[in-house]
Amino acid sequence: VTEEQMRSAGKLMRDVCLPKYPKVTLEVADGIQKGDIPNSKDSNCYINCILEMMQAIKKGKFQLDATLKQMDLMLPDNYKEEYRRGINLCKDATVGLKNAPNCDPAHALLSCLKGNIKVFLFP
C-alpha cells in the first residue's frame, strides 16, 4: 500500500462519518487528523465511526487482532513496526469504559495511540 492509497482510504472514511456528526466541523476533523483530540460527545462519536470503519473498535471494545490485521493491509511498510508497538501498548485503553452515551472508549483509544505512536495518522 502506498501513502497515497492509505490517505485515499482515509478520505473515504471521513466522507462517510463527517455528515453523521454535523457539530464536527471540517476544522475540528482537521485538528483531530493533526492530533488535537477534543473530548466531546460529537467528536468522540465521529472518531468512533472512523475506528469502527477501520474495524479497530466494536461496541466500545478495542479489537486488537482485527486492528493488527487492518494495519497490515492499510499501512505502508515503513509505518508498520511503529504502529504494531503502539497498538499493543494501547490494547487495554478501552477496558472498563462505557460506549454510551459519549463514545468515551474511542477518545481513550485514539488518545493512547497518539501518545504511543511517533508518526500519528488519522483520517
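Everything here concerns the structure above.
As a starting point, this report considers the structure included with it. (Residues numbered from 1 in each chain as written. Predicted model: local features only at pLDDT ≥ 70, side-chain atom pairs only at ≥ 80, totals over all residues. Heavy atoms only, no water.)

### Looking at the overall build of the protein chain
Worth spelling out the cut-off: By the criteria applied, helices consist of DSSP H or I runs no shorter than four residues and strands consist of E runs no shorter than two, each listed in order from the N terminus. For a compact globule the rule gives 2.2 Å times the number of residues to the power 0.38, and the radius of gyration it is set against comes from C-alpha atoms. Here's how the labels work: a residue is buried when its accessible area is under 20% of the maximum for its type, exposed when over 50%, partly exposed in between, all with a 1.4 Å probe on protein chains only. We call two residues in contact whenever any of their non-hydrogen atoms come within 4.5 Å of each other. Exposure was quantified through the Shrake-Rupley algorithm and a 1.4 Å probe, taking into account, for residues, occlusion by the shown protein chains and nothing else.
A count of helical and extended segments in the protein chain gives six helices and two strands. In the protein chain, the order of α-helices and β-strands from amino to carboxyl end is α-α-α-β-β-α-α-α. Taken over the C-alpha trace, the protein chain has a radius of gyration of 13 Å; the compact-globule value for 123 residues is 14 Å, and the two agree within 12%. Principal axes of the C-alpha set define a box for the protein chain whose edges measure 35 × 30 × 20 Å. Within the protein chain, the proportion of its 123 residues that are buried is 44%. By sequence separation, contacts in the protein chain at least 24 residues apart represent 63% of the contacts at least 6 residues apart. Surface accessibility of the protein chain: about 7100 Å² in total, with carbon and sulfur atoms responsible for 54%.

### Examining the packing of helix α1 (residues 3-17) against helix α3 (residues 41-53)
Basically, it comes down to this: Angles shown run from 0 to 180 degrees and are taken between the N-to-C directions of axes, each axis being a line fitted to C-alpha atoms and, for helices, limited to the stretch in contact. Roughly parallel refers to an angle under 35 degrees, roughly antiparallel to one over 145, roughly perpendicular to one between 65 and 115, and oblique to any angle outside these ranges. Each crossing is labelled by how the near helix is turned from the far one, with a counterclockwise turn of less than a right angle marking it left-handed and a clockwise turn marking it right-handed. For this classification, the nonpolar set comprises Ala, Val, Leu, Ile, Met, Phe, Trp, Tyr, Cys and Pro, the charged set comprises Asp, Glu, Lys and Arg, and every other residue, Gly included, is treated as polar.
Where α1 meets α3, the axes come as close as 9 Å, and the angle between the chain directions of the two elements is 130°. In terms of orientation, α1 and α3 fall into the oblique class. Crossing of α1 against α3: the hand is right-handed. Along the contact surface, α1 presents Met-13, Arg-14, Val-16 and Cys-17, while α3 presents Tyr-46, Cys-49, Ile-50 and Met-53. Split by residue class, the contact of α1 with α3 holds seven nonpolar, no polar and one charged.

### A closer look at the side chain of Arg-14
Looking at where Arg-14 falls in the secondary structure, it is placed in helix α1. Beyond its immediate chain neighbours, meaning those up to four positions away, Arg-14 contacts Pro-19, Leu-26, Ala-29, Asp-30, Gln-33, Tyr-46, Ile-50 and Pro-123.

### Describing the state of the cysteines
As used in these notes, a disulfide is a covalent bond between sulfur atoms, one from each of two cysteines. To keep things clear, this is the line we draw: By convention in this document, the label disulfide applies to cysteine sulfur atom pairs within 2.5 Å.
For the coordinates displayed, the defined rule picks out three disulfides. Across a sulfur-sulfur distance of 2.0 Å, Cys-45 and Cys-103 are joined as a disulfide pair. Taking the torsion about the sulfur-sulfur bond, which here is approximately 95°, the covalent link between Cys-45 and Cys-103 counts as right-handed. Taken as a pair, Cys-45 in helix α3 and Cys-103 in the loop between α5 (77-89) and α6 (104-116) lie far apart in primary sequence, 58 residues in all. A disulfide bridge connects Cys-90 with Cys-112, and the sulfur atoms are separated by 2.1 Å. On the S-S bond that ties Cys-90 to Cys-112, the torsion sits near -95°, and the link is left-handed. With Cys-90 in the loop between α5 and α6 and Cys-112 in helix α6, this residue pair connects regions lying 22 residues apart in the sequence. Take Cys-90: its relative accessible area is 0%, and that puts it in the buried class. Relative accessible area serves as the criterion here: at 18%, Cys-112 is assigned to the buried category. Each disulfide of the protein chain joins two cysteines, and with those cysteines numbered along the sequence the arrangement is 1-3, 2-5, 4-6.

### A closer look at α5
Owing to its 3.6 residues per turn, the α-helix brings residues three or four apart onto one side. Inclusion rule: Consider a residue and the seven residues that end there alongside the seven that start there; fitting an axis to each set, the bend is the angle between those axes.
For α5, the principal kink sits at Tyr-83 and spans about 30°. For α5, the complete set of buried residues consists of Tyr-79, Lys-80, Glu-82, Tyr-83, Gly-86 and Ile-87. Taken together, the buried residues of α5 touch α1, β2 (61-62), α4 (64-74) and α6.

### Let's talk about the packing of α4 against α5
Following both chains from N to C, one finds α4 and α5 inclined at 170°, their axes separated by 10 Å at the closest point. With respect to their mutual orientation, α4 and α5 come out roughly antiparallel. In this structure, α4 contributes Leu-64, Thr-67, Leu-68, Met-71 and Asp-72 to the contact, and α5 contributes Lys-80, Tyr-83, Arg-84, Ile-87 and Asn-88. Looking at side-chain class alone, the contact of α4 with α5 contains five nonpolar, two polar and three charged residues.

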